[in-house]
Amino acid sequence: RIAYVNGHYGPLSEASVHIEDRGYQFSDGIYEVVALRNGRLSNEEGHLDRLERSLKELRIAMPMHRRALQHVMRELVRKNKATNALVYIQVTRGVARRDHPFPKDAVPSIVLTCRTLPKPSPKALAEGVAVISQPDIRWGRRDIKSISLLPNILAKQAAREAGAYEAWLVETDGTVTEGSSTNAWILTKDGVLVTRPRSTSILPGITRGQVLKLAQEAQIRLEERPFTLEEAKEAKEAFMSSASALVLPITKIDGQPVGEGIPGPLAKRLRELYETYLAS
Ligand code: PMP
């Protein structure tokens with residue numbers, strides 16, 4: 001496998017950054033994950049828009065022009081002979097003597113890696129997956145795709161230890177923000193598709209945005225509003241969205257079946273609409 005580090009392509013096993021990189025010391029950086037499907041980068045512009053926005057919010061300069069970054073992504077895919085992959089992009093504030101304030105003349109570091117896209121498990125698609133709830137202990141700017149992911153990994157680990165696929169993060173007011181690495185959706189008892197609106201409380205998922213568009217086009221009854229864990233447990237359907245999972249049905253929340261306990265028709269339909277969109 002080949003990685004890209006600050007202008008150089010080389011074996012992943014030898015790729016490294018300095019120990020005083022602020023990403024390593026402070027999580028002072030951001031990332032993106034772009035799926036490559038059948039040789040095409042999915043929602044490339046949306047991911048690059050979000051990358052630029054995350055950098056702007058942290059006042060880190062784009063380490064190269066967008067067009068150059070798009071070229072690097074393609075070169076990396078080519079060098080790895082990839083057709084179905086996840087391209088990971090990370091930008092940090094750069095290398096500087098450890099000190100909290102922004103360094104005066106640090107040069108941002110950029111690394112890209114590429115790995116095989118995990119195939120959706122037929123069992124997960126046929127039966128849906130389980131989620132557990134966890135308190136959302138993250139910071140107040142979850143809209144920035146920061147590499148600081150401790151609360152997310154702790155929640156995901158708790159899910160795995162409970163035999164679940166994902167953790168849904170719950171605010172102190174009882175509302176679900178999102179999953180540890182996915183956005184959260186329900187179809188309410190009354191047949192309304194609900195997902196939390198964009199705010200600083202959630203990451204604006206690129207998949208979420210696209211699924212919203214597709215649902216609107218299909219004239220599905222839709223509300224962007226927060227929903228509680230209680231409401232989710234009484235919902236007809238639940239599912240998650242992300243670049244790697246696409247639309248994945250959830251059939252259990254905290255051990256309780258959602259609806260009939262099998263993937264619902266709306267989740268299946270939205271997954272199909274999204275797959276059709278990706279192939280178009
Ligand atoms: N929320 C969080 C916290 C995430 O880490 C991700 C994955 N990047 C998502 C939502 C889904 O975003 P996307 O659809 O852009 O992959």
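Taking an unreviewed UniProt entry as the reference, the protein is identified by name as Probable branched-chain-amino-acid aminotransferase belonging to Lacibacterium aquatile. Per UniProt, the protein carries the Function (unreviewed entry) text "Acts on leucine, isoleucine and valine."

Draft legend 1. Spatial organisation of the sheet that holds strand E3 (residues 29-37). Within the open sheet, the six strands sit side by side as E2-E1-E6-E5-E3-E4. Their pairing is antiparallel. Because the sheet does not close on itself, it has two edges, and the strands there are strand E2 (8-11) and strand E4 (40-41). Here eight bridges tie strand E5 (residues 85-92) to strand E6 (residues 109-116), and the two strands are oriented antiparallel to one another. Bridging across to E6, Val91 finds its partner in Ile110. Packed onto the sheet, helix H3 (residues 66-79) meets strand E1 (2-5), E2, E3, E4, E5 and E6 and runs at close to 40° relative to E6.

Draft legend 2. Representation of the site of the ligand within the structure. Around the ligand, the surrounding shell holds 13 residues, and the nearest of these are Leu203, Gly205, Ile206, Thr207 and Ala243. In terms of residue count, helix H6 (residues 206-217) provides more of the shell around the ligand than any other element does, three residues in total. Classifying every residue of the shell around the ligand by side-chain character gives four nonpolar, seven polar and two charged.

Draft legend 3. Inspection of unusual backbone geometry at higher detail. Of note in the backbone geometry, Asn6 takes a positive phi value of approximately 45° without being a glycine. Counting through the fold element by element, Asn6 comes out in the loop between E1 and E2. Of note in the backbone geometry, Ser27 takes a positive phi value of approximately 55° without being a glycine. As for its position among the elements, Ser27 is in the loop between helix H1 (22-26) and E3.

Draft legend 4. Highlighting helix H5 (residues 150-161). Under the 1.5 Å per step criterion, the end-to-end length of H5 is 16 Å for 12 residues, consistent within 8% with the ideal 16 Å. Taken together, the buried positions of H5 are occupied by Asn152, Ala155 and Ala159. End-on, the buried residues of H5 take up no more than an arc of 70°, which puts them together on one face. H5 presents Leu150, Ile153 and Glu161 as exposed residues on the side facing more than 90 degrees away from its buried surface. Buried residues in H5 make contact with strand E7 (129-135) and strand E8 (166-170).

Rules behind the numbers
- Residues numbered from 1 in each chain as written.
- Predicted model: local features only at pLDDT ≥ 70, side-chain atom pairs only at ≥ 80, totals over all residues.
- UniProt positions renumbered as here; feature names shortened; annotations may be inferred.
- Pairing = 2+ DSSP bridges.
- Helix = DSSP H or I, 4+ residues; strand = E, 2+ residues; numbered from the N terminus.
- Contact = placed C-beta atoms within 7 Å.
- Axes fitted to C-alpha atoms, helices over the stretch in contact; angles between N-to-C directions.
- Near = placed C-beta within 6 Å.
- Nonpolar A, V, L, I, M, F, W, Y, C, P; charged D, E, K, R; others polar.
- Expected span 1.5 Å × (residues − 1).
- Buried ≥ 20, exposed ≤ 12 C-beta atoms within 10 Å, placed from the backbone.
- Arc of directions from axis to C-beta.

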